[in-house]
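Structural description and commentary
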Protein chains: 2
Amino acid sequence: MTRSVKNVLFIMCDQLRWDYLSCYGHPRLATPNIDALAARGVRFTRAYVQSPVCGPSRMSFYTGRYVASHGATWNGVPLKVGEMTLGDYLRPLGVKTVLVGKTHMRADTEGMQRLGIDPNSIIGVRVSECGFDPYERDDGLHAIGPDGRYDPQVPRYNRYLNDQGYQGDNPWHSWANAAQGDGNALASGWAMRHARKPARVKEEDSETPYMTRRAMDFIVEAGDSPWCLHLSYIKPHWPYIAPAPYNAMYGPNDVLPVVRSEAERLNPHPVYREFMAHQVSRTFAREEVRTEVIPVYMGLIKQIDDQLGVLFGFMEQQGLMANTLVVFTSDHGDYLGDHWLGEKDLFHEPSVKVPLIVCDPSPAADAGRGSACDALVEAIDLVPTFLDALGSDWRRQSHRLEGRSLVPLLGGGVPAQWRRYAVSEDDYSRLPVAARLGMEPRDARLFMVADRRWKYIHAMGFRPMLYDLEADPSEFRDLGADPAYAAERDHLAAALGQWSLRQSQRTTCSEEEMLAARGEARRHGILVGVWNESDVPEELWSRYREDGK
Amino acid sequence: MTRSVKNVLFIMCDQLRWDYLSCYGHPRLATPNIDALAARGVRFTRAYVQSPVCGPSRMSFYTGRYVASHGATWNGVPLKVGEMTLGDYLRPLGVKTVLVGKTHMRADTEGMQRLGIDPNSIIGVRVSECGFDPYERDDGLHAIGPDGRYDPQVPRYNRYLNDQGYQGDNPWHSWANAAQGDGNALASGWAMRHARKPARVKEEDSETPYMTRRAMDFIVEAGDSPWCLHLSYIKPHWPYIAPAPYNAMYGPNDVLPVVRSEAERLNPHPVYREFMAHQVSRTFAREEVRTEVIPVYMGLIKQIDDQLGVLFGFMEQQGLMANTLVVFTSDHGDYLGDHWLGEKDLFHEPSVKVPLIVCDPSPAADAGRGSACDALVEAIDLVPTFLDALGSDWRRQSHRLEGRSLVPLLGGGVPAQWRRYAVSEDDYSRLPVAARLGMEPRDARLFMVADRRWKYIHAMGFRPMLYDLEADPSEFRDLGADPAYAAERDHLAAALGQWSLRQSQRTTCSEEEMLAARGEARRHGILVGVWNESDVPEELWSRYREDGK
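All residue numbers here refer to positions counted from 1 along the written sequence of the relevant chain. In the order they appear in the text, chains get letters beginning with A and ligands get numbers beginning with 1. pLDDT decides what is reported in this predicted model: residues at 70 or higher carry local features, side-chain atom pairs at 80 or more are listed and counted, and totals for whole chains, interfaces and linings draw on all residues regardless. As a convention, hydrogens and water are excluded, and side-chain values are obtained from all of the structure's heavy atoms.

On to the nonpolar core, then. Side-chain atoms within 4.5 Å are what join buried Ala, Val, Leu, Ile, Met, Phe, Trp, Tyr and Cys residues into a set we call a nonpolar core. Using a 1.4 Å probe on the protein chains alone, a residue whose accessible area is under 20% of its type maximum counts as buried, one over 50% counts as exposed, and one in between counts as partly exposed. Of all hydrophobic cores here, the largest spans 82 residues; its most connected members are A:Leu9, A:Trp190, A:Leu311, A:Met315 and A:Phe328. Put simply, DSSP marks the helices as runs of H or I at least four residues long and the strands as runs of E at least two long, and each gets a number from the N terminus on. Of the residues forming this core, the biggest block, 14 residues, is contributed by helix α12 (residues 287-317) of chain A. Sequence-distant contacts of A:Phe328, that is, excluding residues within four places in its chain, are made with A:Ile11, A:Cys13, A:Leu16, A:Leu21, A:Ile34, A:Leu37, A:Leu308, A:Pro355, A:Leu356 and A:Ile357. Listed in part, the 81 residues of the second largest apolar core include A:Val536, B:Cys23, B:Ile294 and B:Leu308. Here a residue-residue contact requires only that any non-hydrogen atoms of the pair lie within 4.5 Å.

As structure tokens, then:
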């Protein structure tokens, strides 16, 4: 073994598009620190998330399982007690597994109560926090509306801001995510027309540097113990607002042209049509919105890159770059007006594809450094990758883990038997779209199956969608109703069928245990279909003879 | 409401074929007490179990979920912590939910340990016992082989036998499931050539009367409290051996002709071929085996019927027949040589179809008394049925429960929107058959989809099977490879596909909660896609304005 990995640094951005980094080809947004990571590691160019929505995507990252397997299908749907998460896998290896930042986890309080698990016990806290020890949990969405707080947890960050002199009940909003309006008025980051105004906090007090410092605090505290640190930034997720100087670092001239076609609005798929009609899509269809918001989106990414420069420098100094597997990714993308859409939810590349950089300090990975890998990889591959990098046999967990280790790909090649399809899902039942389409919650679902050329989307209750990524890389032409592509659709529908019948819930018994159990009952005295004692070896009768006295 | 149900008596036999009762048409086996129950209730003629194997079938009965949903796919695969069971549903209604007899449950000790659940706590015991309070757990399989006990739990029944003077370490075997051989030798029930010899216990000390008395003990103890009693007999399951007089009550002349055809052995489906080659199948293919075993199988059923006469008489006397929903069923059937097969596992009617009688004392059920119902019903329907009969709205649990209440069918009709397909599954990966077919544990699976005419079996890695129950009620002709039936196969394959994509794991959030959550985020201050404050109602800004001072 030529493995050198002691720690794992698992960095996630929120809503970062795959193509908004210079190493992924963005022409106007220089991200030298992330690029440097890519130069030392492998940059995956076809990394798909299991759902283009924060919560379910993250639950798949953390459990190593498809959304339909873990069941936390949308933001706010609790991850059920009993689903194993990253911490459950790594802690037995002696690896402290902690969180700094966002998970979008909702705890299954009902399940915990039913099972008598005290939410304040160590186990209860971990079950409530995706298996992480929460060094600093902060989902970064401290919205408050007429019905109260979106996130019941008041973040430590608010106390920090108060301590720095930023006053009020919710400085997350009133300082970090708002600009100064006219007179005493706030210009809230929730109204995107304010996007390019500077946030009211000093740059060093904004969320990204704060979380970066918290990550370094943890690393210092951890000392020599092995750790897995999930540094999970809320940015560049909305509210789109940045502190100076990042608010003004980019301007309208840096905004790439929108990727959309009039053809997309002609007779679209009914589900796509409704998503286009959604408020956020209509807003992002306006050029003034894009030119105001995208520069700030870019500024927020630039700030992350700068902060990662600080973090990587610190780790270098501490000698940690030599023994830490560093992973950089995002939970999903952001349409930003492309395809006449805002937000995420659907399966065009800007939404479902994410940047993924894996940098393994091990000598075995030397041959792959600086390379790009176009194998189909999925978010669920990270848990097996971490296990593998830490020297644990992840295949023994394959009755639970549905992904595969990326370690074999870090040396530059792709195994012959690599996966042929990536799958992503969307449960849109909580969106107004579902109501407009008349879909019951149980049926408002989409499934994407993508191979290296085709992207097929099964839409319950509707015809499928189909895109040819080779002939139509911009995904303008939905071939889902075109009779000429029936064979491709059938092929991908069959792949979906095979996927949907996977053995995903037999999580209490490993493949090895199933194999070992073949014939086991007989050696425990279960003699089925035996007519005469001589039909089976005498040995099997031994315990029954004893009883015969 | 015209409901009168206070208690539920849920009687299950083990390995009882649907057609081995006189009310289901057996010409030689009179079961007057069960017939009388059918005369007071509804007799279902198309009741399918979710798996033709004890463990997974029962876990579906107890969870109300398909096998692929709960994941306990075979005997000995633990039901994972967190899966809700009958007791979890009924206990909140104030219904004491207890077990007398078999469940074939294996506890998820690893999961309990991970979640800090003490197996000896009340919660731990229930989690370990399918949610039942174990008044008397006894799986009735106290086999011992060279590798030790099959069931680590020593049953109270063994102590009972010792107390009655039946000596030895395992009187379950040496007295209740063995006959007297030559000299001091035992004639073990595990060798079927001894089947018609009398067991060494007095009839009253054999398992069926013992369990019946334990059921009555519980009912007396329960007093006025509402209860759900699962009386779960091990019989007529093997070892096929009965106490006098039941061992000799039937003879070779009472054995119905075997149902099989030479055509079945010509070029059979590869999976079917391997099951036919299994030892138990080869044994049951011999007529001497059938004529020796089947009379005893019948005797064991007769004994159950007699004991149910005792039990029903007792309940009548106690006034309990007027307020108790009584259900009689089985966990699967027994081939007994039909189709060249022994045991169960596959999906011919003798294996996958079960007797199901539901007797509801409520006036609303009067119109259905004595009727037969040929609607497609499934084992998973019982949990919803119990909830419904007890006056609880089971539909609010439809995010977990995959079955439907049978209560609307008890008045004699079938709702217009009743299910069109029944699904059953088999994970045969622990059987030697899987090794002979070269199947990995994760792929050794079969799925049956049956509608009112066709039975389609998807066999992973092989072609499907297809039977026309109308034209070929004996299921002799497998049309799975016949080009003339491609349309039927496609239709049922599509039904399987739809089933396999069902929303089965979003168990932490009800349909109602999903609906209620539509738009909820906005009222908690999440304002997505807003350009100008005036784009959304002023009310939504209220909490942000406050912060602006």
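Next comes the rest of the account.
Moving on, we come to the environment of B:Trp531. Following the sequence through the fold, B:Trp531 ends up in the loop between α18 (520-523) and α19 (542-546). A C-alpha to C-alpha distance of 51 Å links B:Trp531 and B:Leu90, two positions 441 residues apart in sequence. Those residues in contact with B:Trp531, other than ones at most four positions away along the chain, are A:Ala191, A:Met192, A:Arg193, A:Thr283, A:Arg286, A:Glu288, A:Val289 and A:Glu292.

Residues and elements named next belong to chain B. Strand order in this open sheet of 4 strands is β14-β15-β16-β17, and the pairing throughout is antiparallel. Strand pairing shows two members of the sheet lacking a second neighbour, β14 (422-427) and β17 (465-468), which therefore form its edges. The sheet shows a mean angle of 15° between the axes of neighbouring strands, taken without regard to direction. Here helix α16 (residues 486-500) sits on the sheet in contact with β14, β15 (445-450), β16 (454-459) and β17, set at roughly 65° to β16. In this description, strands pair whenever DSSP reports at least two bridges between them. Axis lines are fitted to C-alpha atoms, over the contacting stretch for helices. Their N-to-C directions set the angle, which ranges from 0 to 180 degrees.

Turning our eyes to something else, we now look at the interface of chain B and chain A. Bring the parts together and some accessible area is lost; that lost area is often taken as the interface size. With 105 residues of chain B at the interface, the matching set in chain A holds 105 residues. What gets called buried area is simply the loss in accessible area from a 1.4 Å probe that two parts show on being joined, summed for both. Between chain B and chain A, the buried area comes to about 9,500 Å², and carbon and sulfur atoms account for 55% of it. By the criterion of area lost to chain A, the three top residues of chain B are B:Leu501, B:Arg518 and B:Trp531, representing 10% of everything that side buries. Here, a salt bridge means any Lys or Arg side-chain nitrogen found within 4 Å of an Asp or Glu carboxyl oxygen. Scanning the region where chain B abuts chain A turns up 10 salt bridges. With its nearest N and O atoms 2.7 Å apart, the salt bridge here joins B:Asp427 to A:Arg506. Any pair of N or O atoms that falls within 3.5 Å is considered a polar contact. Within protein, one atom must be able to donate a hydrogen and the other to accept it, and sequence-neighbouring residues count only if both atoms are side-chain atoms. Put simply, chain B and chain A have 45 residue pairs in polar contact (both at pLDDT 80 or more) between them. Each residue is assigned to one of three groups, with Ala, Val, Leu, Ile, Met, Phe, Trp, Tyr, Cys and Pro labelled nonpolar, Asp, Glu, Lys and Arg labelled charged, and all others, Gly among them, labelled polar. Its residues placed into classes, the side of chain B that touches chain A shows 45 nonpolar, 30 polar and 30 charged.

Turning our attention to the side chain of A:Ser60. By the element assignment, A:Ser60 lies in helix α2 (residues 54-63). In contact with A:Ser60, other than residues within four places in its own chain, are A:Gln50, A:Arg65, A:Tyr66, A:Val67, A:His70 and A:Ile380.

Packed helix pairs are specified by the crossing angle of their axes together with the interaxial distance, meaning the distance between the axes. All names here are of chain B. Across the interface, helix α7 (residues 156-163) lies against helix α9 (residues 207-222) with an axial gap of 12 Å and an inter-helix angle of 105°. By the angle class used here, α7 and α9 are roughly perpendicular. Of α9, the residues touching α7 (which contributes Arg-156, Tyr-157 and Tyr-160) are Glu-207, Tyr-210, Arg-213 and Arg-214. Residues of the contact of α7 with α9, tallied by class, amount to 3 nonpolar, no polar and 4 charged. Any angle from 65 to 115 degrees is called roughly perpendicular, while one under 35 is roughly parallel, one over 145 is roughly antiparallel, and all others are oblique.

All names here are of chain A. Alternating residues of strand β17 (residues 465-468) divide into Met-465 and Tyr-467 and Leu-466 and Asp-468, and every residue in both groups is buried. In the sheet, strand β16 (residues 454-459) pairs with β17 via 4 bridges, with the strands oriented antiparallel. Bridge pairing in β17 links Trp-454 to Asp-468. Once β16 ends, the chain turns through 5 residues before running back antiparallel as β17, passing Gly-461 with a positive phi of about 90°.

Attention now goes to the relation of the copies chain B and chain A. Copy one and copy two of the chain differ by a rotation about a common axis and a shift along it. The two copies are related by a screw operation: chain B maps onto chain A through 180° of rotation and 0.0 Å of translation along the axis, at an RMSD of 0.0 Å. Classification of the inter-copy transformation places it as that of a two-fold axis. By residue overlap, the copies meet face to face through one surface: 100% of the interface positions of chain B are interface positions in chain A. The least-squares superposition of copies is restricted to C-alpha atoms, and to residues with a pLDDT of at least 70 in both copies.

Residues and elements named next belong to chain A. For strand β10 (residues 324-330), the tally of buried residues reaches 7 of 7 residues, placing the bulk of the element in the interior. Here β10 shows two buried faces, one formed by Thr-324, Val-326, Phe-328 and Ser-330 and the other by Leu-325, Val-327 and Thr-329. Where strand β1 (residues 7-13) and β10 come together, 7 bridges link them in parallel fashion. The partner of Phe-10 across the bridge, within β10, is Val-327. Direction of pairing for β10 relative to strand β11 (residues 353-359): antiparallel, over a ladder of 4 bridges. Counted as the bridge partner of Thr-329 is Leu-356 from β11.

Confidence per residue, as judged by the predictor, is encoded in pLDDT with a range of 0 to 100. Within chain A, residue pLDDT values average 96, and 99% of them lie at 70 or more. Both confidence scores are given for the complex: pTM 0.97, ipTM 0.95.

The residue after A:Lys235, namely A:Pro236, is reached through a cis peptide bond having omega 5°. Tracing the backbone through its elements, the reader meets A:Pro236 in the loop between β9 (227-232) and α10 (270-277). That bond from A:Trp238 to A:Pro239 is cis: its omega, 0°, falls within 30 degrees of zero. With respect to the helices and strands, the residue A:Pro239 is situated in the loop between β9 and α10. Residues other than glycine seldom take positive phi values, yet B:Leu336 does so here, at roughly 55°. As for its position among the elements, B:Leu336 is in the loop between β10 (324-330) and α13 (349-352). According to the relative accessible area criterion, B:Leu336 is buried, its value standing at 1%. Unusually for a residue other than glycine, B:Asp345 sits at a positive phi of about 80°.

This paragraph deals with the pattern of salt bridges. All names here are of chain A. Summed over all chains, the structure comprises 78 salt bridges over all chains. Asp-254 is the salt-bridge partner of Arg-28, the closest N and O atoms lying 2.8 Å from each other. Here Arg-28, found in the loop between β1 and α1 (32-40), pairs with Asp-254, found in the loop between β9 and α10; they are 226 residues apart in sequence, far enough to count as distant. Taking the shortest distance from any N to any O, the salt bridge between Glu-207 and Lys-235 comes out at 3.8 Å. Remark: Lys-235 occurs in the loop between β9 and α10 and Glu-207 occurs in helix α9 (residues 207-222); sequence separation between them is 28 residues. Taken as a pair, Glu-207 and Lys-235 share a single burial class, namely buried. Residues joined in a network through salt bridges with shared partners are Asp-14, Arg-58, Lys-102 and Asp-331.

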